[in-house]
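Close look at the chain arrangement
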Amino acid sequence: MYCTRKVTEGVTWIGGSDRRLALFENLFPIPRGVAYNSYLIQDEATAVIDTVDSSISRQFFENIQHELGDRKLDYLIVNHMEPDHCANIAELLLRYPDMKIVGNAKTFNMIQQFYGLDLKDQAIVVKEGDSISLGSRKLSFYFAPMVHWPEVMVAYEETEKILFSADAFGSFGALNGNIFNDELDFDKDWLDDARRYYGNIVGKYGLQVQAALKKLSALDIAMICPLHGPVWRENLDYLLGKYDKWSRYEPEEKAVAIFYASMYGDTENAADILAAGLAEGGVRNIAMYDVSSTHISYLISEVFRCSHLVLAAPTYNNGIYPAMANLLHDMKALMLQNRTVGLVENGSWAPVSGKLIRAELEGLKGFQVLEPVASLKSALKGDSLEQLGQLKDSILASLQG
Ligand code: FEO
C-alpha cells in the first residue's frame, strides 16, 4: 500500500525507510534505520527525482503508481548514482519506457557500469546550469562533485525555491511519519546522526562541500529536500551553519572528548582521573569512549563535534594499540583538522604509544598536542600521576584560551 506525503501542492515525497538494515554501506551501524527519499513533481510534465534503495522498491513503486495513476512519467532525474538511490532505474524504465533520464556525462557512465544500460535516445545529458522545463516549474542543475561521489549534482526548482540536494544535508535515521524538520526535535533526536552521517560519509570532502555551499549561496532556497533524513522547510540557516562548520573542520563545540584504550583497566583509570579533574576544573559534558567497544563512526562524529580530544592508549607490539591506531587512521583518511589534543600513553616495559600517536597527528593540519604527555608504566603513580595533573591544567588553560 502506498505511503506518501505532500511536500508542496505539486511535489510529493515518494520515498520510504528501512528499519531492518544493520549496517549502512555494510559499514556503519544504523540503530535508528535510514530513509531513502525520492520526490515526484507533477506539473505539465512529471519528474521523479532519484529512485531508492532496492530494500524498499515495492514501497517506491506503489507510491509512484498511486500518485501518477494513469499519467505517464516524463523524466527521471538522477542526481546521485550510489545504489542506495539508483537501484530502481532499470525497473522504472520497464514500467515507464518513454521516460527520459536526466544526468550528466559521469552519471551515464555509471549507469552503464552498474546496470549495462546504453540509453542513447532516452538520455538528456546536462551541463552545469542547464535547465529543463516541467511547465510552471523549471529544474536547473548544478554539479556538486565529491558530495559524495564525482557525478553528484543537485537540482533547484526556482518557482517554489526547492533544492533537491542529493546526499548533502542528509542524515541516518528512518522517517517515522514526520518527514519535515519542523515536525520533529532535530537537536534532540537527529543532530548526532546527522553529524555521524556527514562526518563518516562526506567528511573527507570538506573542500568540495565548501565549494558547493558557495555555489548554492547564490540561490534563493526556501526548502531543502535531501536523499536521506528530514526535509528542511524552516530554520535552514541552522543546517547550513552546521555544514559550514563541519566542512571547514572547525569544532562544533568547545568540548572535551576522551578516547581511551585499556587492556586491564589502568589506562581507563587514568582517563577517569583526568576526567574527574577536568570536571572539578569546571568542564561540563565531558564525553568518554572506550575505543575498543565503540563503533568508530561514533568516535569520528565526536571528533567533528569537540574542540579538545584526549587520546589515551597502551603500547602494543611496540606500536599503537590497534583500536586507537584504527581511529587515527580514520581521522587521517577523513582529513580532520584543527583540534587540540592531550595524550596519555601506557607501556609496561617500553611505553612509546604517545610518541607514535604524536607522529601520526603531525600529518593532520592544525592539530596541536598539549604538554606534557602522561606516561604510565603499567599503572598510574608518582611521575605519571603528576604528569596527568599537569596535562589536566594544560587542557583547562587551553579551554579558557
Ligand atoms: Fe546516499 Fe552517497 O548515497
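Scope of this entry: the structure provided in the associated data block. These figures come from a predicted structure and were not determined experimentally. (Residues numbered from 1 in each chain as written. Predicted model: local features only at pLDDT ≥ 70, side-chain atom pairs only at ≥ 80, totals over all residues. Heavy atoms only, no water.)

1. Observations regarding the overall build of the protein chain
For the record, the criterion: Secondary structure counts use DSSP, requiring at least four H or I residues in a row for a helix and at least two E residues in a row for a strand, with both numbered from the N terminus. In this scheme, a residue with accessible area under 20% of its type's maximum is buried, one over 50% is exposed, and one in between is partly exposed, where area comes from a 1.4 Å probe on protein chains only. All accessible-area figures derive from a Shrake-Rupley calculation using a 1.4 Å probe, and residue coverage is judged against the displayed protein chains alone.
Each helix and strand in the protein chain was counted, giving 13 helices and 23 strands. The principal-axis extents of the C-alpha atoms in the protein chain amount to approximately 80 × 40 × 40 Å. Taken across its 401 residues, the protein chain has 57% of its residues classed as buried. Summed over all atoms, the accessible surface of the protein chain reaches about 16800 Å², with 50% contributed by carbon and sulfur.

2. So, the side chain of T4
Definition in use: Under the rule applied, a polar contact is a pair of N or O atoms within 3.5 Å (in protein, one hydrogen donor and one hydrogen acceptor; residues adjacent in sequence only if both atoms are side-chain atoms). By definition in these notes, contact holds between two residues if any of their heavy atoms fall within 4.5 Å.
Among the secondary structure elements, T4 is positioned in the segment before β1 (5–6). Here E67 takes part through its side chain, which lies 2.7 Å from a polar atom of the side chain of T4. Each residue touching T4, except ones within four places of it in the same chain, is listed here: T12, W13, I14, N63 and E67.

3. Notes on helix α13 (residues 382–400)
As a reminder of what qualifies: Working rule for helices: expected span equals 1.5 Å times residues minus one.
With 19 residues, α13 extends 28 Å between its outermost C-alpha atoms, agreeing within 8% with the 27 Å of an ideal straight helix rising 1.5 Å per residue. For α13, the secondary structure elements touched by its buried residues are β17 (253–260), α9 (266–280), β19 (306–316), β21 (340–346) and β23 (374–376).

4. Brief notes about the sheet that holds strand β10 (residues 100–103)
Selection rule: Being paired, for any two strands, means DSSP has found at least two bridges between them. Axes here refer to lines fitted to C-alpha atoms; in helices the fit is confined to the stretch in contact. Angles between the N-to-C directions go from 0 to 180 degrees.
Taken in spatial order, the seven strands line up as β1-β2-β7-β8-β9-β10-β11 in an open sheet, and their pairing is mixed. Every interior strand has two partners, whereas the edge strands, β1 and β11 (123–125), have only one. Where helix α4 (residues 105–115) meets the sheet, its contacts fall on β10 and β11, and the angle it forms with β10 comes to roughly 120°.

5. Re the side chain of T46
Along the chain, T46 turns up in strand β8 (residues 46–49). When near neighbours in sequence (up to four residues on either side) are disregarded, T46 contacts I41, L68, R71, K72, L73, D74 and Y75.

6. Brief notes about the pattern of salt bridges
Oppositely charged side chains are able to pair whenever their charged atoms sit close together. Note the threshold: By salt bridge we mean one thing: a side-chain nitrogen of Lys or Arg within 4 Å of a carboxyl oxygen of Asp or Glu.
Inspection of the entire model under this criterion finds 26 salt bridges. A salt bridge links R58 to E62; the nearest nitrogen and oxygen atoms lie 3.4 Å apart. Pair noted here: R58 and E62 are both in helix α1 (residues 57–68), with a separation of four residues, about one helical turn. By relative accessible area, E62 is classed as partly exposed at 26%. Notably, a salt bridge pairs R195 with E252, separated by 2.7 Å at the nearest N-O pair. Pair noted here: R195 is in helix α6 (residues 191–202) and E252 is in the loop between α8 (236–247) and β17, with a separation of 57 residues, a long-range link.

7. What about the sheet that holds strand β14 (residues 153–157)?
On the basis of which strands lie adjacent, the open sheet formed by five strands has the order β12-β13-β14-β15-β16 and mixed pairing. The sheet is open, and its two edges are formed by β12 (131–133) and β16 (223–225), each paired on a single side. Neighbour-to-neighbour, the strand axes of this sheet turn through a mean angle of 20°, independent of strand direction. Pairing geometry for β14 and strand β15 (residues 162–164), over three bridges, is antiparallel.

8. Brief notes about α1
This is how it is decided: Directions pointing from the helix axis toward each C-beta atom define the arc.
An ideal rise of 1.5 Å per residue puts 16 Å on 12 residues; α1 measures up with 16 Å between its terminal C-alpha atoms. Of all the residues in α1, the buried ones are S57, F60, F61, N63, I64, E67 and L68. Each buried residue of α1 lies within a common arc of 155° when the element is viewed along its axis, so the set occupies one face. On its buried face, α1 is in contact with β1, β2 (11–13), β7 (39–42), β8 and α3 (89–95). Residue G69 follows α1 closely and has a positive phi angle near 55°.

9. A look at the state of the cysteines
Heads up, the condition is: Count a disulfide wherever a pair of cysteine sulfur atoms falls within 2.5 Å.
Summed over the entire model, instances satisfying the criterion amount to zero disulfides. Take C86: it sits in no disulfide, and the sulfur closest to it among the cysteines is that of C225, at 20 Å. The buried category is assigned to C86, whose relative accessible area is 1%. Not part of a disulfide, C225 finds its nearest cysteine sulfur in C3, a span of 16 Å.

10. Here we look at the pairing of β17
Most of β17 sits inside the fold, with six of its eight residues counted as buried. As paired elements, β17 and β19 share six bridges and run parallel to each other. Within β19, the residue paired with V256 across the bridge is H308. Here β17 pairs with strand β18 (residues 287–290) via four bridges, running parallel. The partner of Y260 across the bridge, within β18, is D290.

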